[in-house]
There are 2 protein chains.
Amino acid sequence: MTGLHHVAVAGGQDRTGEELFASLLGEPMHTEQGEGFTERMYDAGGPFLQTLEAGNEGVVRRFLDKRGPGLHHVAFLVDRLDDALADLDERGVPLIDREPRSGGMGTRVAFLHPSAAGGVLIELVEDPEGEVADG
Amino acid sequence: MTGLHHVAVAGGQDRTGEELFASLLGEPMHTEQGEGFTERMYDAGGPFLQTLEAGNEGVVRRFLDKRGPGLHHVAFLVDRLDDALADLDERGVPLIDREPRSGGMGTRVAFLHPSAAGGVLIELVEDPEGEVADG
């Protein structure tokens, strides 16, 4: 665990959030299409603020339908994701992903189940570049 | 705006979140009583992860009753809070606090209304010490 990687916000077509974040943090430094969402990364002084703009279906749309727009998850950077997952699994921490999958900006990621952390969805991120790549 | 100051999580008596955060980030470096809640600050590699443990009443309890446990707000560090609020107010950004109030660890803080940022509760923090004081 080497610290906070990003905080993610889920939203829909409303541009209010993107406009405020751009005015506070500058324009997004990276934009990428995920499965059913557009992901934007704002530089928040080391960690990123990530916005997830939902399309018509997918995990972000389902989150919006259930909880409305707002904070979605928090992501921590780890050095060795496979080791971290094996350790958490061994300790009985409930995981969504037992195996890493591809994340944005060339990272490997895995999510813990929200019940692992009192209702907070947590992502672990491993950056194979050793540093976050500038998109 | 100098970057992310903390990400806050609201919870109740359930210790699962605190235990996971302590295992990932180490024990809290600061604990403080707020009005109706206990605030703990975990070092997340620069920014903090803040947990808000609700008592029987107050803003955190009302949040839990309405939304359940989970991510509560995100806080950005600013150099001059009064100037930042005046600027946002002039631009018509909806504010909860038009005047700064006292925050944890000797800071001055103010909240924007969630409608300012697509449903995300945002706090601005000014640290008069010029750095976050170790509690």
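Before going into details, it helps to say that this report is about the structure given with it. (Residues numbered from 1 in each chain as written. Chains lettered and ligands numbered in written order. Predicted model: local features only at pLDDT ≥ 70, side-chain atom pairs only at ≥ 80, totals over all residues. Heavy atoms only, no water.)

What follows is about helix α3 (residues 81–90) of chain A. Residues and elements named next belong to chain A. What α3 keeps buried is the set L81, A84, L85 and L88. All buried residues of α3 project into a common sector of 95° when viewed along the axis, lining one side. Phi turns positive, to about 80°, at G92, one or two residues after α3. (Buried < 20%, exposed > 50% of the residue type's maximum accessible area, 1.4 Å probe, protein only. Helix = DSSP H or I, 4+ residues; strand = E, 2+ residues; numbered from the N terminus. Arc of directions from axis to C-beta.)

What follows deals with the interface of chain A and chain B. In this assembly, 37 residues from chain A lie in contact with 37 residues from chain B. Both faces combined, the contact of chain A with chain B buries some 2800 Å², and carbon together with sulfur accounts for 74% of it. On the chain A side of the interface with chain B, the three residues burying the most area are A:L20, A:L24 and A:L71, jointly 20% of the side's total. On the surface where chain A and chain B come into contact, there are zero salt bridges. At the junction of chain A and chain B, the tally comes to five residue pairs in polar contact (both at pLDDT 80 or more). Those elements that provide at least two residues to the side of chain A that touches chain B are β1 (3–11), α1 (16–25) and β5 (70–77) of chain A. No other element matches the seven residues that α1(A) contributes to the side of chain A that touches chain B. (Contact = heavy atoms within 4.5 Å. Buried area = accessible area lost by both parts, 1.4 Å probe. Salt bridge = Lys/Arg side-chain N within 4 Å of Asp/Glu carboxyl O. Polar contact = N/O pair within 3.5 Å; in protein donor to acceptor, adjacent residues only side chain to side chain.)

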